[in-house]
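Notes for the structure review
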Amino acid sequence: MILHVANSSDALWIPVFSLNDRVYQNPFYLAFSTFLIIFYILIAYIILRTCSIFLSIKVFHENMNILMAWFLLQWFEAILAKMVIIPYQIGLIVIGIDPQKSYCSWSSIEKEDVLVVKDTSDIMPLYISSCFLWHYMASILFSIVAITVERGCATYFME
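On a predicted model such as this, the values are computed, not experimentally measured, just so you know.

**Here's the deal with the pairing of strand 1 (residues 2–5)**
Only one face of strand 1 is buried: it carries L3 and V5, and the other face, with I2 and H4, is open. Direction of pairing for strand 1 relative to strand 2 (residues 11–13): antiparallel, over a ladder of three bridges. Across the sheet, residue L3 finds its bridge partner in strand 2, namely L12. Two strands pair when backbone bridges link them, and strand 1 and strand 5 (residues 115–117) are joined in this way by three bridges, in the parallel orientation. When the sheet's bridge partners are listed, H4 is paired in strand 5 with V116.

Okay, here's the thing in structure tokens:
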């Protein structure tokens, strides 16, 4: 979503599709969010268990084990960022000049569909957590490159 800052030419693009949505008022959302929390706890257990297995049995070379554990543990970075973003998405924390309006789009040409905030300090937690989410997405994309380079170097320098 593109955010504009009032009385400025600044525009921010954050990885959020909807803001101020008021979806938490729907009873179905509570059931779905409960399922999602249980699912996240299960995934967290699986990731922690997988990392402990990687680091204890040393299936690959030590560098590869550390890389795999690092990339798996970065999932927690995304979940923490998502925990900060969700209250803005579902309308628990309302932002913008018109707090009653919900915004749903990745980008918009229409001026009335663009979220305008008074100051960047109003959205600082949202902006910082979005940076962490961007970092997670970039890390996942480049993890394959990093693992390929590591395996190439390990194969080349193997004695």
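Having seen it, we continue.
**Quick word on the UniProt feature "transmembrane region" (unreviewed entry) in the chain**
The UniProt record annotates "transmembrane region" (unreviewed entry) at residues 28–48, 69–97 and 126–149. Here residues 69–97 runs as 69% helix and 0% strand, with 43 Å between its end C-alpha atoms.

**A short note on the layout of surface pockets**
Picture a little ball the size of a water molecule; that probe, rolled over the atoms, points out where space is still empty. What the largest pocket holds in volume is close to 380 Å³. Of all elements in the fold, only helix 1 (27–57) and helix 3 (75–89) reach the threshold of two or more residues within the lining of the largest pocket. It is helix 1 that provides the largest number of residues to the lining of the largest pocket, a total of seven residues. Classifying every residue of the lining of the largest pocket gives 12 nonpolar, three polar and two charged.

**Topic: the packing of aromatic side chains**
Counted according to the given criterion, the structure contains five aromatic pairs. Here the aromatic rings of W13 and W134 are separated by 5.2 Å at their centres, their planes lie at 35°, and the arrangement is tilted. Of the two residues, W13 is situated in strand 2 and W134 in helix 4 (residues 124–156); the sequence distance between them amounts to 121 residues. On the basis of relative accessibility, which here comes to 38%, the residue W13 falls in the partly exposed class. Ring centres of F35 and F39 lie 6.1 Å apart, and the angle between their planes is 20°; this geometry places the pair in the stacked category. In this pair, F35 and F39 are both assigned in helix 1, four residues apart and thus about one turn of the helix distant.

So, how was this worked out
Residues numbered from 1 in each chain as written. Predicted model: local features only at pLDDT ≥ 70, side-chain atom pairs only at ≥ 80, totals over all residues. Heavy atoms only, no water. Buried < 20%, exposed > 50% of the residue type's maximum accessible area, 1.4 Å probe, protein only. Helix = DSSP H or I, 4+ residues; strand = E, 2+ residues; numbered from the N terminus. Pairing = 2+ DSSP bridges. UniProt positions renumbered as here; feature names shortened; annotations may be inferred. 1 Å grid on protein atoms, 1.4 Å probe; cavity = no way out; pocket = protein on both sides within 12 Å on 5 of 7 lines; lining within 4 Å. Points joined across faces, edges and corners; volume = space filled by probe spheres on them. Nonpolar A, V, L, I, M, F, W, Y, C, P; charged D, E, K, R; others polar. Phe/Tyr/Trp six-rings, centres within 6.5 Å; stacked < 30°, edge-to-face > 60°.

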